[in-house]
Amino acid sequence: MNYNHTGARRGKPKRVLDPSAGLSSPSPAPQMPSSPYMYNQQVPMNNGMPPDYGFNVPEQERPPAGPGALPPSYGFGPQPQPYTPTSTRNDGFAGTSQFASQLLNQPVVANVAMQYGSDLANAGKQQIEKYVPVTALKYYFAVDTDYVITKLILLFFPFTHKDWSIKYEQDNPLQPRYEKNAPDMYIPTMAFLTYVVVAGLALGTQEKFTPEQLGITASSALAWGILELLVHIITLYVMNLETSLRYLDLLAYCSYKYVGINVALLMSLIFGRLAYYIILVYYSGSLGFFLTRSLKLRVIPEGHSSYSAIGNKRRMYFILFVSGIQSVLMWWLSYHLV
């Protein structure tokens, strides 16, 4: 048996897995890291190009970079735009206001609104009058310049006055502007406010003025006035005395003492402590005489046969108590300011 040695296979046979592998150029072997400490180094993808997660968004559609620019979008659809106010909202408000003005210009709507407002005001007035006698206060503040001057003269010089009666018209007393014997609240109110101002002036001359001290003076005077009014009301109730005096009448009569306090304090600032005591003593006497004659016709009316002798004595005690306590309160409210 003959063998052809020329076609014999020389060397070890080579195994080929992919027949076409030999037809293509061999791929270069991956480069290994040169350093032994860089085995975990990441191999950049896309041949070193930055990744594009926007699915190849064209360059002209990408938002410009800057301080106010939005971050790049990684979504699939259109991204929401930032909110920018438009004129449609203003137009809506303008339209609403124009509609409301046109509606209010209608006669029927205007009449209904006026009627509703009038009813609401009347209801509020009734609620206020339950606690504050607004109508009664109008009577006590119905004064004019002639009445104020005449009443101040009467307070300082009541000894020459003869007629102390109060005139009535249809069972209602005349207003103070028409009747100088009627009590008012204008002079007491102005006198109280003046007392606070003069007290601050007196404290300033003594280098004792502070806002807190001025507030204490005003609040203490107001508290003493309320306490005095309560004492008089309780006295009338305990003594079972029926009079034509109202609570505001008592408050007005008892508040006339601030007129004398102001004059005494002003005189003390000009002429010293002696002038203060002279004015205080004189005005205490004139105010006591004024209150005695004014209250007598309100507490013990002339020709009233239903009052007994014992009842009249109690009424006289009440009148003297109200008149006498004014001088004590005048000194108590002003001695620390001299």
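Residues numbered from 1 in each chain as written. Predicted model: local features only at pLDDT ≥ 70, side-chain atom pairs only at ≥ 80, totals over all residues. Heavy atoms only, no water.

**Points about the overall build of the protein chain**
A tally of regular secondary structure across the protein chain gives 10 helices and two strands. Counting all 338 residues of the protein chain, 27% fall into the buried class. By sequence separation, contacts in the protein chain at least 24 residues apart represent 73% of the contacts at least 6 residues apart. Summing over all exposed atoms, the protein chain offers an accessible surface of approximately 24,700 Å²; the carbon and sulfur share of this is 62%. (Helix = DSSP H or I, 4+ residues; strand = E, 2+ residues; numbered from the N terminus. Buried < 20%, exposed > 50% of the residue type's maximum accessible area, 1.4 Å probe, protein only. Contact = heavy atoms within 4.5 Å. Areas by Shrake-Rupley, 256 points an atom, 1.4 Å probe, with all protein chains shown as cover.)

**What to know about a nonpolar patch on the surface**
A cluster of nonpolar side chains, namely Trp224, Leu227, Val231, Tyr277, Phe321, Trp331, Trp332 and Tyr335, defines an oily patch on the protein surface of about 730 Å² accessible area. Those elements that provide at least two residues to the nonpolar patch are helix H6 (211-238) and helix H10 (309-334). Summarising the element assignment, Trp332 is placed in helix H10. (Patch = residues over 30% accessible without salt bridge, like charges linked within 9 Å, V, L, I, M, F, W, Y side chains within 5 Å. Salt bridge = Lys/Arg side-chain N within 4 Å of Asp/Glu carboxyl O.)

**Digging into the side chain of Ser294**
Summarising the element assignment, Ser294 is placed in helix H9 (residues 273-299). Contacts of Ser294, omitting those with residues within four sequence positions, involve Trp164 and Tyr253.

**Some remarks on the environment of Ser255**
Inspection of the secondary structure assignment puts Ser255 in helix H7 (residues 247-255). In sequence terms Ser255 and Gln326 are 71 residues apart; their C-alpha atoms lie 9.0 Å from each other. A polar side-chain atom of Ser255 sits 2.7 Å from the main-chain carbonyl oxygen of Leu251. (Polar contact = N/O pair within 3.5 Å; in protein donor to acceptor, adjacent residues only side chain to side chain.)

**Regarding the packing of helix H4 (residues 145-156) against H9**
Two elements in contact, H4 and H9, have axes separated by 7 Å at closest approach and are oriented at 110°. One element, H4, and the other, H9, form an angle in the roughly perpendicular class. Together, Lys151, Leu154, Leu155 and Phe156 of H4 and Tyr282, Tyr283, Ser286, Leu287 and Phe290 of H9 make up the contact between the two elements. Classifying every residue of the contact of H4 with H9 by side-chain character gives seven nonpolar, one polar and one charged. (Axes fitted to C-alpha atoms, helices over the stretch in contact; angles between N-to-C directions. Parallel < 35°, antiparallel > 145°, perpendicular 65-115°, else oblique. Nonpolar A, V, L, I, M, F, W, Y, C, P; charged D, E, K, R; others polar.)

**So, the side chain of Asn181**
Topologically, Asn181 is positioned in the loop between strand S2 (172-173) and helix H5 (186-205). In terms of polar contacts, Asn181 uses its side chain to reach the backbone carbonyl oxygen of Ser165, at 2.9 Å. Not counting the four nearest positions on each side in its chain, Asn181 is found in contact with Leu154, His161, Asp163, Trp164, Ser165, Ile166 and Tyr253.

**Quick look at the layout of surface pockets**
For the second largest pocket, the calculated volume is near 300 Å³. In terms of lining, the second largest pocket is formed by 16 residues, of which the most central are Phe192, Leu222, Leu251, Ser255 and Tyr258. Listed by contribution, the elements that provide at least two residues to the lining of the second largest pocket are H5, H6, H7 and helix H8 (257-271). Broken down by element, the residue count for the lining of the second largest pocket peaks at six residues, all from H6. (1 Å grid on protein atoms, 1.4 Å probe; cavity = no way out; pocket = protein on both sides within 12 Å on 5 of 7 lines; lining within 4 Å. Points joined across faces, edges and corners; volume = space filled by probe spheres on them.)

**Things to note about the packing of aromatic side chains**
Scanning all chains against the criterion turns up 15 aromatic pairs. Where Phe159 meets Phe289, the ring centres are 5.3 Å apart and the plane angle is 40°; that geometry is what we call tilted. Note that Phe159 is positioned in the loop between H4 and strand S1 (168-169) and Phe289 in helix H9, a separation of 130 residues in sequence. For Phe289, a relative accessible area of 27% corresponds to the partly exposed category. Centre to centre, the rings of Trp224 and Trp332 are 5.9 Å apart; their planes meet at 75°, and the pair counts as edge-to-face. Placement of the pair is Trp224 in helix H6 and Trp332 in helix H10, with a sequence separation of 108 residues. The class of Trp224 is partly exposed, set by a relative accessible area of 35%. (Phe/Tyr/Trp six-rings, centres within 6.5 Å; stacked < 30°, edge-to-face > 60°.)

**Looking at the confidence of the model for the protein chain**
Put simply, the protein chain has an average pLDDT of 77, and 63% of its residues get 70 or more. Contacts of residues 1-11 to residues separated by more than four positions or lying in other chains number zero contacts, the stretch itself having pLDDT below 50. Confidence drops under a pLDDT of 50 for residues 16-26, and excluding neighbours within four residues, the segment shows zero contacts in the predicted structure. (pLDDT = per-residue confidence, 0-100.)

**Re the UniProt feature "transmembrane region" (unreviewed entry) in the protein chain**
UniProt tags residues 185-204, 216-238, 250-270 and 316-335 as "transmembrane region" (unreviewed entry). In this annotation, residues 185-204 is assigned 95% helix and 0% strand; the end-to-end C-alpha distance for the span is 29 Å. Helix and strand shares over residues 316-335 are 95% and 0% respectively, and the end C-alpha atoms of the span are 30 Å apart. (UniProt positions renumbered as here; feature names shortened; annotations may be inferred.)

**What about the nonpolar core?**
Ranked by size, the top nonpolar core spans 47 residues in total, and within it Tyr195, Tyr256 and Phe290 carry the most contacts. Elements represented by at least two residues in this core include exactly H4, H5, H6, H7, H8, H9 and H10. Counting residues per element, this core draws most heavily on H5, which supplies nine residues. What Phe290 contacts, discounting residues up to four positions off in sequence, is Lys151, Leu154, Leu155, Pro158, Trp164, Tyr253 and Tyr256. Judged by nonpolar contacts, the second largest core, of six residues, contains Tyr139, Tyr140, Leu248 and Ala252. (Core = buried A, V, L, I, M, F, W, Y, C linked by side-chain atoms within 4.5 Å.)

**A short note on the pattern of salt bridges**
Applying the stated rule across the entire model yields four salt bridges. Close ionic contact of Lys151 with Asp184 constitutes a salt bridge, the shortest N to O distance being 3.9 Å. You can see Lys151 sitting in helix H4 and its partner Asp184 sitting in the loop between S2 and H5, a full 33 residues away along the chain. Both residues of the pair, Lys151 and Asp184, belong to the buried class. For Lys257, the salt bridge identified is with Glu228, shortest N-O distance 2.9 Å. Of this pair, Lys257 sits in helix H8 while Glu228 is found in helix H6, placing the two residues 29 residues apart along the sequence. Here Lys257 and Glu228 have matching classes, each one buried.

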